[in-house]
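Listed below are the residues making up each chain.
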Amino acid sequence: EALDLERHPILVEQYRVPLKVQCLELPAGLVGDDSPGEAVEVAAERELEEETGYRAAHWRVVGEFYSSPGMVSESFTLLVATGLTKVGDGGGVDSEDIIVHRVPLDGIAEFVAEKRAEGCGIDVRVAMLLAGGLLAL
């Protein structure tokens, strides 16, 4: 999760081929995408800047989570990035076409509902943001 200096979460939206729709997500990426053995924090810093154009002053590791443990062994590590500074346009790399959304914290539920009504897929990690509690520092 990424929070700018005014505590506005930064969300990203991009087309996902398996779903065949735009999908609303937290900024994320693959660890080791650029180099084997890459640390989670290094990957998070790289992906945040590539996707959103922001850099974070502070990072906090929340923990490892499993999205569907009954079906797959895939996990993700959730980090909270705060003190964001805009340093670029974002939008991703190569063929990525990422839309960056800066949303007021008290308007997240309404924003997600609007995106869902537009037919946008909602990544399960967005539910963690909706549930609250993770952003308390």
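Definitions and cut-offs
Residues numbered from 1 in each chain as written. Predicted model: local features only at pLDDT ≥ 70, side-chain atom pairs only at ≥ 80, totals over all residues. Heavy atoms only, no water. Helix = DSSP H or I, 4+ residues; strand = E, 2+ residues; numbered from the N terminus. Rg over C-alpha atoms; globule rule 2.2 N^0.38 Å. Buried < 20%, exposed > 50% of the residue type's maximum accessible area, 1.4 Å probe, protein only. Contact = heavy atoms within 4.5 Å. Areas by Shrake-Rupley, 256 points an atom, 1.4 Å probe, with all protein chains shown as cover. Salt bridge = Lys/Arg side-chain N within 4 Å of Asp/Glu carboxyl O.

Caption draft 1: Focus on the overall build of the chain. Scanning the chain for helices and strands turns up three helices and seven strands. Taken from N to C terminus, the helices and strands of the chain fall in the order β-β-β-α-β-β-β-α-β-α. The C-alpha radius of gyration computed for the chain amounts to 14 Å, which stays within 12% of the reference 14 Å derived for 137 residues, consistent with globular compactness. Once the C-alpha set of the chain is aligned to its principal axes, its extents read approximately 40 × 40 × 30 Å. Within the chain, the proportion of its 137 residues that are buried is 38%. If you take every contact in the chain between residues at least 6 apart in sequence, the share linking residues at least 24 apart comes to 61%. With an accessible surface of roughly 7800 Å², the chain has 54% of that area assigned to carbon and sulfur atoms.

Caption draft 2: Structural view of the pattern of salt bridges. The final tally for this structure, using the stated rule, is seven salt bridges. Of the charged contacts, one joins Arg55 and Glu49 as a salt bridge, the two residues approaching to 2.7 Å between their closest N and O atoms. Judged by its relative accessible area of 47%, Arg55 falls in the partly exposed class. It is possible to trace a salt-bridge network through shared partners that takes in Glu13, Lys115 and Glu118.

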